[in-house]
Amino acid sequence: MSQQQYPQQPQPGWGGPQQQGYGTPPFQPQPPKKSKAGKIVGFGCLGVVALFVLIGIAAAAGSGNGDSTDTSAKDKAVAAGHTPKSDKAEATPAPKTKTQAEQFEACVAKSGTATEKKAVQHVTKVTGTDKRNDILDSAEVYTDFTGGLMSDNQGDAKLIASAFTSCYESKNGLVSVYGQDGDLIANANY
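Each chain has its residues counted from 1, running along the sequence as written. Reporting in this predicted model follows two pLDDT cut-offs: at least 70 for local features of residues, and 80 or more for side-chain atom pairs to be given and counted; totals over whole chains, interfaces and linings ignore these cut-offs and use all residues. The basis for the side-chain values is all heavy atoms of the structure; hydrogens and waters are excluded.

Chemist: Explain the sheet that holds strand 2 (residues 137–143) to me, and be specific about the residues and the numbers.
Modeler: Read from one edge of the open sheet, four strands run 1-2-3-4, paired in mixed fashion. For this open sheet the edge positions go to strand 1 (123–127) and strand 4 (184–189), each flanked by a neighbour on one side alone. Adjacent strand axes in the sheet meet at a mean angle of 15°, parallel and antiparallel pairs treated alike. Contact definition: two residues touch when any of their heavy atoms are within 4.5 Å. Working convention: axes come from line fits to C-alpha atoms, limited for helices to the stretch in contact. Angles between N-to-C directions cover 0 to 180 degrees. A run of H or I in DSSP becomes a helix once it reaches four residues, and a run of E becomes a strand once it reaches two; helices and strands are each numbered from the N terminus. Running over the sheet, helix 5 (residues 154–167) touches strand 1, strand 2, strand 3 (173–178) and strand 4 and is turned about 30° from strand 4. The rule for pairing is simple: two strands pair if DSSP sees at least two bridges between them.

Listed below in C-alpha cells is the structure:
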C-alpha cells in the first residue's frame, strides 16, 4: 500500500508567499494610558470649594442675630422693660406682649378683606413668625377646623394662608394651616 501524499497549500501568513491585500496588519502598539492626576486634583479642589460654601452658609445662618428683618417682640419687650436702678421702690412692669396669633389677627384686622377677617377668627395658635432668616422659613397656623385636605373648611384655610402671605414676607417661606386634629388643610409660599 502506497500512501499518497497530497500537495500542501501554504497558508497565508505562515511563511508562504503572501498575496497583496491579504495578510495580517503590522503590529500596532496600544496608545499610552492617560494620567488620572488631573481628575484627582480637580475633585480635590471641588471638595475645598464645597467646604468653603458650607462654612459660608453656616456663618450666614449663625450671624442672623443682627438681622433687621427679625421682628421678634420678646427681645424688644425685654429691652424696653429694662430700667436702670434708681431710688424708685417700685419698678414699672414690662408691657404685655401679644402672642403671635394675636399679632397675626391684628394684621389681618388692619389690612385684610372681610372674608379673611371672618376666616382668621378660627385661628387658635401661630408659630414660626418670630424668627425669620429668608433661607427656609416655616410658619404654622393652627385652627379649630376639622378634616384634612379634602375637608369643607379648605376654602377658609386657604383664605387664612392668603392673609398670612399679606402680613409676612420672606424670600423662601412656607406657611401651613392645620386643623384641630393636626391634619394639614392648606399651605402657601410667603
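Chemist: Any details on the nonpolar core? Residues and values, ideally.
Modeler: One broad trend across soluble globular proteins is that nonpolar side chains are buried collectively. Among buried residues, those of type Ala, Val, Leu, Ile, Met, Phe, Trp, Tyr and Cys that are joined through side-chain atoms within 4.5 Å constitute a nonpolar core. Using a 1.4 Å probe on the protein chains alone, a residue whose accessible area is under 20% of its type maximum counts as buried, one over 50% counts as exposed, and one in between counts as partly exposed. Among the nonpolar cores identified, the biggest contains 22 residues, and Phe104, Val123, Val141, Ile160 and Phe164 are the most heavily contacted of them. For this core, the elements supplying multiple residues, two or more each, are helix 3 (100–111), helix 4 (114–120), strand 1, strand 2, helix 5, strand 3 and strand 4. Each residue touching Phe104, except ones within four places of it in the same chain, is listed here: Val120, Val123, Val126, Ile160, Ala163, Phe164, Cys167 and Tyr168.

Chemist: With reference to specific residues and values, describe the pairing of strand 3.
Modeler: As paired elements, strand 2 and strand 3 share six bridges and run parallel to each other. Bridge assignment links Asp137 to a residue of strand 3, and that residue is Gly173. Handedness of the crossover is the feature at issue here: the chain leaves strand 2, passes through helix 5, returns alongside strand 3, and the resulting connection is right-handed. Here strand 3 runs beside strand 4; their pairing, made up of five bridges, is antiparallel. The partner of Tyr178 across the bridge, within strand 4, is Leu184. Where strand 3 folds back on strand 4, the antiparallel hairpin that results is connected by five residues, among which Gly182 adopts a positive phi of roughly 90°. Convention used here: a crossover is right-handed provided that the path from the first strand, over the helix, to the second strand proceeds clockwise when the strands point away from the viewer.

Chemist: Before we move on, can you summarise the packing of aromatic side chains with the specific residues and values?
Modeler: Between the rings of Phe, Tyr and Trp (Trp by its six-membered ring), a pair exists once the centres lie within 6.5 Å; its type follows the angle of the planes, with under 30 degrees stacked, over 60 edge-to-face, and the other angles tilted. Counted under the stated rule, the structure contains five aromatic pairs. On the numbers, 5.5 Å between centres and 55° between planes, the contact of Phe104 with Phe164 is tilted. Linking Phe104 in helix 3 with Phe164 in helix 5, this pair joins segments that are 60 residues apart in sequence. Accessibility assignment for this pair places Phe104 and Phe164 in one class, buried. Through successive ring pairs, a cluster of aromatic residues spans Phe104, Phe164, Tyr168 and Tyr190.

Chemist: Let's hear about the state of the cysteines: which residues, and what values?
Modeler: When two cysteine sulfur atoms are found within 2.5 Å, that pair is recorded as a disulfide. Applying the stated criterion to the full structure yields one disulfide. Disulfide pairing is shown between Cys107 and Cys167; the S-S distance is 2.1 Å. Handedness of the Cys107-Cys167 disulfide follows from its S-S torsion of about -105°: it is left-handed. Taken together, the positions of Cys107 in helix 3 and Cys167 in helix 5 put the pair 60 residues apart, joining distant regions of the chain. Take Cys107: its relative accessible area is 22%, and that puts it in the partly exposed class.

Chemist: Quick one: what's the story with the side chain of Asp137, residue by residue and with numbers?
Modeler: Mapped onto the elements, Asp137 comes out in strand 2. Residues in contact with Asp137, not counting those within four places in the same chain, are Arg132, Ser170, Asn172, Gly173, Leu174 and Tyr190.

Chemist: I'd like a description of the side chain of Ser176, backed by residues and values.
Modeler: Of note, Ser176 is situated in strand 3. Of the residues examined, Ser176 reaches a relative accessible area of 8% and is grouped as buried. In contact with Ser176, other than residues within four places in its own chain, are Ala139, Glu140, Val141, Leu184, Ala186 and Asn187.

Chemist: Can you break down the pairing of strand 2 residue by residue, with the values?
Modeler: Among the seven residues that make up strand 2, five are buried, leaving the element largely enclosed by the rest of the structure. Judged from the four bridges that link them, strand 1 and strand 2 form a sheet pairing that is antiparallel. When the sheet's bridge partners are listed, Lys125 is paired in strand 2 with Tyr142.

Chemist: Outline the environment of Tyr142, supporting the account with residue identities and numerical values.
Modeler: Looking at where Tyr142 falls in the secondary structure, it is placed in strand 2. The contacts of Tyr142, once residues within four sequence positions are left out, are His122, Val123, Thr124, Lys125, Thr127 and Tyr178.

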